[in-house]
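# Residue-level structural notes
Spelled out, the chains give:
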Amino acid sequence: MPFGGGNKCGCCQKTVYFAEEVQCEGRSFHKSCFLCMVCKKNLDSTTVAVHMDEIYCKACYGKKHGPKGYGYGGGAGTLSMDTGESLGIKHEEPAAHRPTNNPNPSKFAQKFGGSEVCPRCGKAVYAAEKVVGAGSAWHKSCFRCAKCGKGLESTTLADKEGEIYCKGCYAKNFGPKGFGFGQGAGALAHAQ
């Protein structure tokens, strides 16, 4: 215990005396300083979430440091449209879709330095980011339909001449044409 009667507050750095002390992660705080760094709500042992030297309520912690994406809403059955910009979270725009630019689909031509090359972007594909489809290794982010850019899975792709397509685009571009080959159940279409 430092000279002066108490520990220093983890927030305001002033002396914390026993009667006003709250401890968290081995640090002392004044009861009045034990607040969420974002929304300034009072915290207690059941509502605090710690990240590095910062303290948050569980809701703000989840928005700033928790998992991101579909299904991680604010409560049961919710989907939050809060992008977290008020918390300083910056979102990167996904790169525009680019069709495959590798004209040589042979495995030998795609190898260099011990790793395979993605047919879409031409960069090395390492094990952590590798998806195999159409006889090639792809980055997860490049594993998209060449026509519409829709993300694919190994069960939802069709390939033609080293390029990958979703089943819908493949059917439109390479499927049977003519009377009776429509797009939906019972649909008839005339194709040129």
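Residues numbered from 1 in each chain as written. Predicted model: local features only at pLDDT ≥ 70, side-chain atom pairs only at ≥ 80, totals over all residues. Heavy atoms only, no water.

Going by the annotation in an unreviewed UniProt entry, the name recorded for the chain is Cysteine and glycine-rich protein 1, with Anguilla anguilla given as the source organism. Here is the UniProt Subcellular location (unreviewed entry) comment for the chain, exactly as written: "Nucleus". Per UniProt, the chain carries the Function (unreviewed entry) text "Could play a role in neuronal development." (UniProt positions renumbered as here; feature names shortened; annotations may be inferred.)

Of all hydrophobic cores here, the largest spans 15 residues; its most connected members are Phe-143, Cys-145, Leu-152 and Ile-164. Listing elements by their share of this core, those giving two or more residues are strand E11 (136–139) and strand E13 (163–166). The element contributing the most residues to this core is E13, with three residues. Beyond its immediate chain neighbours, meaning those up to four positions away, Ile-164 contacts Arg-120, Ala-134, Trp-138, Phe-143, Arg-144, Cys-145, Ala-146, Leu-152, Leu-157, Ala-158 and Asp-159. Residues Cys-9, Phe-29, Phe-34 and Cys-60 belong to the second largest nonpolar core, which totals 13 residues. (Core = buried A, V, L, I, M, F, W, Y, C linked by side-chain atoms within 4.5 Å. Buried < 20%, exposed > 50% of the residue type's maximum accessible area, 1.4 Å probe, protein only. Helix = DSSP H or I, 4+ residues; strand = E, 2+ residues; numbered from the N terminus. Contact = heavy atoms within 4.5 Å.)

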